[in-house]
Amino acid sequence: MTLQEQYVSLILMIAMGVWIGASFSVYQRYVHPRKGRRWILLISDPLFWIVQALLLFSLLLPVNEGQLRLYYFLGIALGYAFYKALLEKPFMFLFVKIVTAVVRTGRFIAKTVYQLLLYPLFYLLMLVYRLCRMTVSIVLKIVLFLLAIPLKILRGIIRLIVPDRWLIFLRNKGIQIGHKFRQWMTMLKRRK
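Residues numbered from 1 in each chain as written. Predicted model: local features only at pLDDT ≥ 70, side-chain atom pairs only at ≥ 80, totals over all residues. Heavy atoms only, no water.

Here's the deal with the overall build of the protein
Next up, step 1: Along the backbone of the protein there are four helices and zero strands.
Next up, step 2: Reading the helices (α) and strands (β) of the protein from amino to carboxyl end gives α-α-α-α.
Next up, step 3: Radius of gyration (C-alpha) of the protein: 41 Å, far over the 16 Å computed for a compact globule of 192 residues.
Next up, step 4: For the protein, the spread of C-alpha atoms along the three principal axes comes to 120 × 45 × 35 Å.
Next up, step 5: Across the 192 residues of the protein, 14% fall into the buried class.
Next up, step 6: Long-range contacts, defined as pairs at least 24 residues apart, comprise 75% of the intrachain contacts of the protein with a sequence gap of at least 6. (Helix = DSSP H or I, 4+ residues; strand = E, 2+ residues; numbered from the N terminus. Rg over C-alpha atoms; globule rule 2.2 N^0.38 Å. Buried < 20%, exposed > 50% of the residue type's maximum accessible area, 1.4 Å probe, protein only. Contact = heavy atoms within 4.5 Å.)

Below is the structure:
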């Protein structure tokens, strides 16, 4: 391994130390549970460190064929200490501002889409529904009105032709049939 490869590996390990510090700060801020649900740590902590180790070795592999030396760990510790001492507060301040801006932008876009697209579409559909309902109601009233005239004429002709006692008999039979039908329906409903 040449001296240049060693310098590149060391600088890469210092950068990885800064990366590990930054990702650990973000992990503790947003993923790590504060209270309750401590059982999540059994899964999230090892998973976090496995991902960091895989990332470290995937970056180390092309540079020096994955060889580990003691000064690489010292470089990682130096990068982590550099991050904790000088970069943590400005990085977290900037990261929180960026996350806040992204969340606010997402909420603004969602509200805009709701106000400009979904809200008018909902009221347009409600208007179409009410217009259809009103049209059907008007058409039914017109049809019933037009049918009422011939039915009244037909009722008058039937009263002239058919004797009153037959009409009373038919009305009573209709009432009995309706009563039996209601009994039958209630019996079917009880079976369910």
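Focus on helix α2 (residues 41-64)
Next up, step 1: Between the first and last C-alpha of α2 there are 34 Å, a value that for 24 residues agrees with the 34 Å anticipated at 1.5 Å per step.
Next up, step 2: For α2, the complete set of buried residues consists of L41, S44, F48, Q52, L56, L60 and N64.
Next up, step 3: E65 sits one or two residues past α2 and shows a positive phi near 60 degrees. (Expected span 1.5 Å × (residues − 1).)

Structural notes on the environment of G79
Next up, step 1: Along the chain, the position of G79 falls in helix α3 (residues 70-161).
Next up, step 2: By relative accessible area, which is 0% here, G79 ends up buried.
Next up, step 3: As for G79 and F108, which are separated by 29 residues in sequence, their C-alpha atoms are 38 Å apart.
Next up, step 4: For G79, the residues in contact, after removing those within four places along its chain, are I14, G17 and V18.

Details of the pattern of salt bridges
Next up, step 1: Under the defined criterion, the tally for this structure stands at one salt bridge.
Next up, step 2: With its nearest N and O atoms 3.0 Å apart, the salt bridge here joins K84 to E88. With a gap of four residues between them, K84 and E88 both fall in helix α3, about one helical turn apart. (Salt bridge = Lys/Arg side-chain N within 4 Å of Asp/Glu carboxyl O.)

Some points on helix α1 (residues 3-31)
Next up, step 1: Taking 1.5 Å per residue as the helical rise, α1 with its 29 residues ought to reach 42 Å, and the 40 Å between its terminal C-alpha atoms agrees with that figure.
Next up, step 2: Restricting attention to buried positions, one finds in α1 the residues S9, L12, M13, M16, G17, I20, G21, A22, S23, F24, S25 and Y27.
Next up, step 3: Packed against the buried residues of α1 are α2 and α3.

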